[in-house]
Amino acid sequence: MLSVVIPAYNEEEILPRTVEVLGGILTAEKIPYELIFVDDGSKDRTWEEILEAHEKNENIHGVHFSRNFGKEPAIAAGLAEAVGACVAVMDCDLQHPPATLVEMYRKWEEGYEVVEGVKRTRGRESGAHRAAAGLFYKIMSRAVKIDMSRASDFKLLDRRAVNSILDMPERNTFFRAMSSWIGYKQTQVEFDVQEREAGSSKWSTWKLIKYAVGNIVGYSTAPMQLVTGAGIAVFFLAVIMGIQTLVRYFTGHAVEGFTTVILLILLIGSIIMISLGIIGYYIARIYEETKGRPKYIVSKRV
Ligand code: UDP
Ligand code: MG
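Owing to the predicted nature of the structure, the values given are computational and were not obtained by experimental measurement. (Residues numbered from 1 in each chain as written. Chains lettered and ligands numbered in written order. Predicted model: local features only at pLDDT ≥ 70, side-chain atom pairs only at ≥ 80, totals over all residues. Heavy atoms only, no water.)

(A) Focus on unusual backbone geometry. In this structure, Asn10 takes a positive phi of about 55 degrees despite not being glycine. Within the element layout of this structure, Asn10 appears in the loop between strand E1 (2–8) and helix H1 (15–28). With a phi close to 60 degrees, Leu94 is a non-glycine residue in the positive phi region. With respect to the helices and strands, Leu94 occurs in the loop between strand E4 (86–89) and helix H4 (98–109). (Helix = DSSP H or I, 4+ residues; strand = E, 2+ residues; numbered from the N terminus.)

Quick look at the structure:
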């Protein structure tokens, strides 16, 4: 059986249509399925829509979070809930074409264990968004040592791969990177990101920035190495300035140079503060992880 995990946050407008389209295409292709909607603490009628869909079709299951935990926890909950021999993850807004899902399933039947959907085109988005996403994926690709520039959350995993992901103890998950990191027999399927059929994007700019920084810190220690780099640079500066100062002292011109002092204090002060901030960020993450709180809280289930 194919389990399809669908995170949904305030998706009342599109959910019935998603159910209809997915159910229709999977039935037509004779693929036994279950749809697992993870309602990420929606404030609209998303949960009621899920209940209604469940009434009509017993292949539809739902999990309701006690509040909005985010897309990553929603994916994690869906993976934990799924019982199929293979599990796909896709968005609720039909931006991930259902026809590609069938293509992925066929690849799985051929024996692939991780089938990744990669974006052939990114759909409509602003220039700034595209540039920021480009930078983010460059850093992430280096961190996980896999090209992620076209990665998406649209994937199909074999049961073994799902179990490997579920076995990972960290609470701060990044599905896109984890599913590459686990290895197994992987392949890719290209798709064009579709227009959102209804509703609007559930990601604000601020939420995206937080998500990006969080993932970089979660997967890369490069920012910390940046601190070391800055330290070394300042040290060399210090040696040069130190020699200059001593020469001036011994030649009897020591009084001048107040501007230099001010500039140095400003420069070094800011580098120290930025560095402390970066280190603080990592410590905060360690603290978060050691608290060992659950990734999400399920309040209802159907
Ligand atoms: N989503 C979620 N929790 C959130 C934000 C988004 O579960 O806090 C879901 C959303 O319902 C959708 C998917 O994640 O199914 C992708 O979100 P969206 O379409 O808004 O993102 P975009 O396509 O604009 O990147
Ligand atoms: Mg979308």
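(B) Representation of the sheet that holds E4. Reading across from one edge, E7-E5-E6-E4-E1-E2-E3-E8 is the order of the 8 strands in this open sheet, with mixed pairing throughout. With partners counted over all chains shown, the strands left at the sheet margins are strand E7 (186–192) and strand E8 (298–301), one partner each. Taken pair by pair, the neighbouring strands of this sheet meet at an average axis angle of 20 degrees, ignoring direction. Alignment of strand E5 (residues 114–121) against strand E6 (residues 151–158), held across 4 bridges, turns out to be antiparallel. Residue Val115 lies in a different strand from E6, and its bridge partner there is Leu156. Sheet strands touched by helix H2 (residues 46–56): E1, strand E2 (33–39), strand E3 (60–65) and E8. Its angle to E3, the strand with the most contacts, is close to 155 degrees. Along the sheet, helix H6 (residues 159–167) makes contact with E4, E5 and E6, crossing E6 at roughly 115 degrees. (Pairing = 2+ DSSP bridges. Axes fitted to C-alpha atoms, helices over the stretch in contact; angles between N-to-C directions. Contact = heavy atoms within 4.5 Å.)

(C) Representation of the site of ligand 1 within the structure. In the vicinity of ligand 1, 17 residues are found, and the nearest of them are Asp40, Asp93, Gln95, Ser201 and Lys202. At 2.8 Å from an oxygen atom of ligand 1 is found a main-chain nitrogen or oxygen belonging to Tyr9. Within the side chain of Asp93, one N or O atom sits 2.5 Å away from an oxygen atom of ligand 1. When ligand 1 sits alone it has 530 Å² of accessible area, and the protein chains cover 88% of it. In terms of residue class, the shell around ligand 1 is made up of 5 nonpolar, 4 polar and 8 charged. (Near = heavy atom within 4 Å. Polar contact = N/O pair within 3.5 Å; in protein donor to acceptor, adjacent residues only side chain to side chain. Areas by Shrake-Rupley, 256 points an atom, 1.4 Å probe, with all protein chains shown as cover. Nonpolar A, V, L, I, M, F, W, Y, C, P; charged D, E, K, R; others polar.)

Geometry only, nothing functional implied.
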